[in-house]
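# Structural characterization, general
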Amino acid sequence: MATEAKILSGTQVAKDIRDQLRDRVSQFTKKLPAFKPRLAIVQVGCREDSNVYIRMKLKAASEIGIDAQHVQYPETITQRELLMKLSRLNNDPTIHGIIVQMPLDCVNEIDAHLITDSVSPDKDVDGLNTINEGRVCVGEMTGFLPCTPNGCIELIKRTGVPIAGANAVVLGRSKIVGTPVSELLKWNHATVTVCHSKTVNLSEQTKNADILVVAIGKPEFVRGDWIKPGAVVIDCGINAVQDEVDDDAQNPTKVSGQRLVGDVCYEEARQVASYITPVPGGVGPMTVAMLMQNTVQSAENAYKKLLKMSWDLQVLPLNLQKPVPSDIEIARSQVPKDVSFLASEVGIIPEEVSLYGTKKAKISLSILDRLKNNVDGKYIVVAGITPTPLGEGKSTTLVGLAQALTAHKNKKAFACLRQPSQGPTFGIKGGAAGGGYAQVIPMEDFNLHLTGDIHAITAANNLLAAQLDARFFHEATQTDAALYERLVPKIKGERKFSKIQRRRLDRLGITKTDPDTLTSDEVAKFVRLNIDPANVVWTRVVDINDRYLRKITVGQASTEKGFMRETSFSISVASELMAILALTTSLEDMKQRIAKIVVAFDKAGNPVTADDLGMTGAMMVLLKDTLEPTLMQTLEGTPVFVHAGPFANIAHGCNSIIADNIALKLVGKEGYVVTEAGFGSDIGMEKFFNIKCRTSKKVPNAIVLVATVRALKMHGGGPPVSAGNTRKEYTEENLELLKKGLPNLIKHISNGLKYKVPVLVSINAHQYDTPAEHEMIREAARKAGALACVVSKHWSEGGAGAAALADAVIKACSEKSKFKFLYNLDLSIEDKIILIAKEMYGAGSVDFNTRVREMMRLLTEKGYKNLPICMAKTQLSLSGNPELKGAPTDFKLPVTDLYLSAGAGFIVAIAGDISKMPGLPTRPCVYDIDLNTETGEIEGLF
């Protein structure tokens, strides 16, 4: 008597696979606890057969540790709507697998093939996308294998019967099962015959099969005498047939008077085959198991990508030339990558990208929520020694270092820079995109307008100024009742307070919500801000250097009825709104900061805020898009964020916290973010640590201090430095002059070390430098406590020229930071200023005039004492005197003015004679800038 076939239980094999998958998931969640495989099951309609299958998937996913998300849409959904939903899931990197359950009889005509192919091949865990199926056809098993066919192969392998060399017959040629299983058998080295309902002498074909896979969709179609003795039979069919005799209620294959059968006559086949799959409990559970396996594999791919120390970044090659051409020639010689491609390279999804053409894009703040569980990368700040008026290449060094880390050291690295003001661009310093072969491109876009943030700040700032003056005028020319009628007008017979007016009532302690119930005293308190025209601190701004706006009179027209006052303009990047943009962490945070802006003081000495003027919401509307950093690239195709642009000598001089935060999440634990602090350690770096890092709560890992032979010679007594200067002191070796200037470098190193952060000195090499001069600087830097001092040639060699600096940065960041602040916030305003002056500048004492002392008293009285200090001081000297070079000590620092930036969250102390509105020099850059009307190209920018 023949031995009955062994039952090939898919249920048991599927359980074994789930157990293995659970172990795999637990392994990679150990390293990334917040990481979890996620599967999106998209269902159109609510058919019960689909629901049963979905419940099986949800149960299996839960057992393994997969977060399965069931997304259900009505049958009335249109094809366009469904495609849009799938596009969002494709673009969501937290979703690792997508399957679509869709009835064939949708209310709206939907192309099922189009829907299947709209699922990204990288997330097509069903394995039904044409690309994945095509890979199977050509034997390229790198994509996802279709679940049921792969489940069949797995079951056959479990029998121990060799597939290689076997005769395999596949009965059925469907896209889902028959055709792909025949290809998988073929690539497992079986000799495969595909049969179907039109095949002649079908039973004769099946009798030759060592392996028979049946997927024809006809109940019990294959009889026992069709099967070769000892064959392995895989029955993929599942058919409901009417049960003639329902006398066994315990039979699990019986459902509501029906029973489920396969395409093979099970009882007959068992007498002939060596192995056979039951129905149900055979191939069905394996389909679900293979789906889970594909999902875990997709998640594992994403997990490995997160752990990778480098991006799959297309580096742009440099065509280095000697002598080095002009900045704009170099920038134009490189063809940038499409910014959307760059975004995808560094892990930014399309929904987070707002394109401004093809070379720059704004990045949505939603990325911070998506990446909130990512570990921050290493944080490096680039500062400098006291510069010459031409600058010492701090931005160039920052860009060169970022290029070196990413393009030459294969690290994930972001450069984070400020947006340049048009003032220096058209003034004397020129653009700020870096220089030589270490630039941000396109440099014209970078230096001019970019994505309009500075213009939006200018508009919002000046709208607030306009409302301030208008409110003063209206209060001066109207009664309380008239003001109230206009501020809270009746609309369709009803008077209501706006949201911002209700906030003012709360601050005044008025709890009434019905405008008609206020007493006359309450009305007077509500409508009267009583602005003191002699104590208005908010000024208008414009983003150009214009010395004639340093002092102006407003209100001279006869329509203003003699209400005139003296005021001034500042340059736009000195606006408190720019500082707020740089320091804010979210839209809500920005809104709260804008509300707190103090624009003036009333006649009783109380602060008047932007919220009092009703301006918070209107300004937010103008500024909402400014909160998104702009993505650009370096000459070597590495990523750059450009965001915010406060000056360092008259503001806090750092790019935005938001850009740094996004970059730190994108580079991850093993990556690097290189950010900037304007001018020297005494100015930008001090405020980076004591203002920006206090707000962001980020801990810096290293300081890169940029120095040049030229600047140190100037500090040693060399003649003034100006554009085109070829004095021999700077073109010939002069060790004596250099040695006299070294105290400036030593002071800046000392400044950095006071924060317990490693200091690395980068000598930005120039063509006239000599090896002996470089060696003298290196020796002095090491003796002063610098962790390393390297010569960098990024200007002439790109990232390769900063490779040694990159190595030094990597080494410095390997140690845990011991960062500490310079001062505690609970010190008095005066003590904080004195401490900064003595520790950072080398001052012996600080001189406060009467106005400053009165302002310190007022701010302390009004509760602003515990804010950090933002020193406004010349960048050209450690002292307050721009003519005093080197490293002066024991000098007296005059503090000539003090004002509050309540929204930004600091107090500004002005040291010496410094203006918030620069002026144009005798020969500004405007003489060299032009537009070629034939080519449309900008000329003369640098």
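Residues numbered from 1 in each chain as written. Predicted model: local features only at pLDDT ≥ 70, side-chain atom pairs only at ≥ 80, totals over all residues. Heavy atoms only, no water.

Glancing now at the pairing of strand β32 (residues 759-764). Most of β32 is tucked away, with 6 of its 6 residues classed as buried. Residues of β32 alternate between two faces, with Val759, Val761 and Ile763 on one and Leu760, Ser762 and Asn764 on the opposite face, all of them buried. One ladder, built from 5 bridges, connects strand β31 (residues 702-707) with β32; its direction is parallel. Within the sheet, the bridge partner assigned to Ile703 lies in β32 and is Val759. Alignment of β32 against strand β33 (residues 788-792), held across 5 bridges, turns out to be parallel. If you follow Ser762 over to β33, its bridge partner there is Val790. Taking the sense of rotation as the criterion, the β-α-β connection linking β32, helix α29 (residues 771-783) and β33 turns out right-handed. (Buried < 20%, exposed > 50% of the residue type's maximum accessible area, 1.4 Å probe, protein only. Helix = DSSP H or I, 4+ residues; strand = E, 2+ residues; numbered from the N terminus. Pairing = 2+ DSSP bridges. Right-handed = clockwise from strand over helix to strand, strands pointing away.)

Compared with an ideal rise of 1.5 Å per residue, which puts 12 residues at 16 Å, helix α33 (residues 850-861) spans 17 Å between its outermost C-alpha atoms and is within 8% of the ideal. Taken as a whole, α33 has its buried residues at Val852, Met855, Met856, Leu858 and Leu859. On an axial view of α33, the arc spanned by its buried residues comes to 165°, and they lie on one face. Here the buried face of α33 lies against β26 (598-602), α32 (829-841), β34 (845-848), β36 (892-901) and β37 (906-911). The backbone nitrogen of Arg851 lies 3.2 Å from a side-chain oxygen of the residue at the head of α33, namely Asn849. Following α33 by one or two positions, Gly863 has its phi on the positive side, about 90°. (Expected span 1.5 Å × (residues − 1). Arc of directions from axis to C-beta. Contact = heavy atoms within 4.5 Å. Polar contact = N/O pair within 3.5 Å; in protein donor to acceptor, adjacent residues only side chain to side chain.)

Read from one edge to the other, the open sheet built from 6 strands follows the order β1-β12-β8-β7-β5-β6, with strand pairing classed as parallel. Unpaired on one side and paired on the other, β1 (6-7) and β6 (191-195) mark the two borders of the sheet. Where β1 and strand β12 (residues 275-276) come together, 2 bridges link them in parallel fashion. Pairing of Lys6 across the sheet is with Tyr275, part of β12. Sheet strands in contact with helix α6 (residues 147-159) are β7 (211-214), β8 (232-235) and β12, and its direction is about 155° off that of β8. Most of the contacts of helix α7 (residues 178-187) go to strand β5 (residues 167-171), to which it runs at about 170°, and overall it touches β5, β6 and β7. (Axes fitted to C-alpha atoms, helices over the stretch in contact; angles between N-to-C directions.)

Closest axis-to-axis distance for the helix α21 (residues 576-583)/helix α22 (residues 587-596) pair is 10 Å, and the angle between their directions is 150°. On the basis of the axis angle, α21 is roughly antiparallel to α22. Our pair here, α21 against α22, has a crossing hand that is right-handed. Note on element contacts: α22 touches α21 through Asp589, Met590, Arg593 and Ile594, opposite Leu577, Ile580, Leu581 and Leu583. Class assignment for the residues of the contact of α21 with α22 results in 6 nonpolar, no polar and 2 charged. (Parallel < 35°, antiparallel > 145°, perpendicular 65-115°, else oblique. Left-handed = near helix turned anticlockwise from the far one by under 90°. Nonpolar A, V, L, I, M, F, W, Y, C, P; charged D, E, K, R; others polar.)

Here we take up the sheet that holds β34. Paired through their backbone hydrogen bonds, the strands of a sheet run either parallel or antiparallel. With mixed pairing, the 4 strands of this open sheet are ordered in space as β34-β36-β37-β35. Two strands lie at the open edges of the sheet, namely β34 and β35 (869-872), each paired on one side alone. Taken over all neighbouring pairs, the strand axes of this sheet differ in orientation by 40° on average, direction set aside. In this sheet, β37 lies alongside β35 in parallel orientation, the contact comprising 4 bridges. Opposite Ala872, over in β37, you have Ile910 as the bridge partner. Where helix α25 (residues 681-696) meets the sheet, its contacts fall on β35 and β37, and the angle it forms with β35 comes to roughly 160°. In this fold α32 packs onto β34, β35, β36 and β37, with an angle of close to 55° to the strand it touches most, β35.

So, on to unusual backbone geometry. Of note, the bond from Val279 into Pro280 is cis; its omega dihedral lies within 30 degrees of zero at -5°. For Pro280, the position within the fold is in the loop between β12 and α10 (283-307). The step from Ile441 to Pro442 runs through a cis peptide bond, and the omega angle for that step is -5°. Examined against the element boundaries, Pro442 turns out to sit in the loop between β18 (438-441) and α16 (443-447). Positioned with a positive phi, Lys756 is a non-glycine residue whose angle comes to about 60°.

Looking now at empty space enclosed by the protein. Inspection of the entire model under this criterion finds 2 cavities of 30 Å³ or more. Gln419, Pro420, Gln422, Phe446, Asn447, Leu448, His449, Ile454, His455 and Asp543 are the residues that line the largest cavity. When contributions to the lining of the largest cavity are tallied by element, the ones reaching two or more residues are α16 and α17 (453-477). Of the residues assigned to the lining of the largest cavity, the class counts are 4 nonpolar, 5 polar and 1 charged. Taken as a whole, the second largest cavity spans an internal volume of roughly 30 Å³. Every residue lining the second largest cavity is listed: Leu468, Asp469, Phe472, Ile531, Pro533, Val536 and Arg565. Put simply, the parts of the chain that give the lining of the second largest cavity at least two residues each are α17 and β21 (531-536). Of the residues belonging to the lining of the second largest cavity, the class tally is 5 nonpolar, no polar and 2 charged. (1 Å grid on protein atoms, 1.4 Å probe; cavity = no way out; pocket = protein on both sides within 12 Å on 5 of 7 lines; lining within 4 Å. Points joined across faces, edges and corners; volume = space filled by probe spheres on them.)

This brings us to the state of the cysteines. Counting across every chain of the model gives 0 disulfides. Unpaired in this structure, Cys789 has its nearest cysteine sulfur neighbour in Cys813, at a distance of 17 Å. (Disulfide = S-S within 2.5 Å.)

For side chains bearing opposite charge, pairing can occur when the charged atoms are close. Enumeration over the complete set of coordinates arrives at 57 salt bridges. Here Glu485 and Arg495 are joined by a salt bridge, their closest N and O atoms 3.2 Å apart. Pair noted here: Glu485 is in helix α18 (residues 480-487) and Arg495 is in strand β20 (residues 494-495), with a separation of 10 residues, a long-range link. Under the relative-accessibility criterion, Glu485 is labelled partly exposed at 44%. With its nearest N and O atoms 3.1 Å apart, the salt bridge here joins Asp589 to Arg593. Here Asp589 pairs with Arg593, and both are found in helix α22, just 4 residues apart, close to one helical turn. Classification of Arg593 as buried rests on a relative accessible area of 10%. Counted as one network, the salt bridges with shared partners bring together Arg503, Arg504, Arg507, Asp611 and Asp612. (Salt bridge = Lys/Arg side-chain N within 4 Å of Asp/Glu carboxyl O.)

All right, on to the packing of aromatic side chains then. Under the counting rule described, the total for this entry stands at 16 aromatic pairs. Taking the centre distance of 5.3 Å and the plane angle of 80° together, the rings of Phe221 and Trp226 count as edge-to-face. Of the residues examined, Trp226 reaches a relative accessible area of 16% and is grouped as buried. On the basis of an interplanar angle of 90° and a centroid distance of 6.0 Å, the ring pair of Trp311 and Phe414 is categorised as edge-to-face. (Phe/Tyr/Trp six-rings, centres within 6.5 Å; stacked < 30°, edge-to-face > 60°.)

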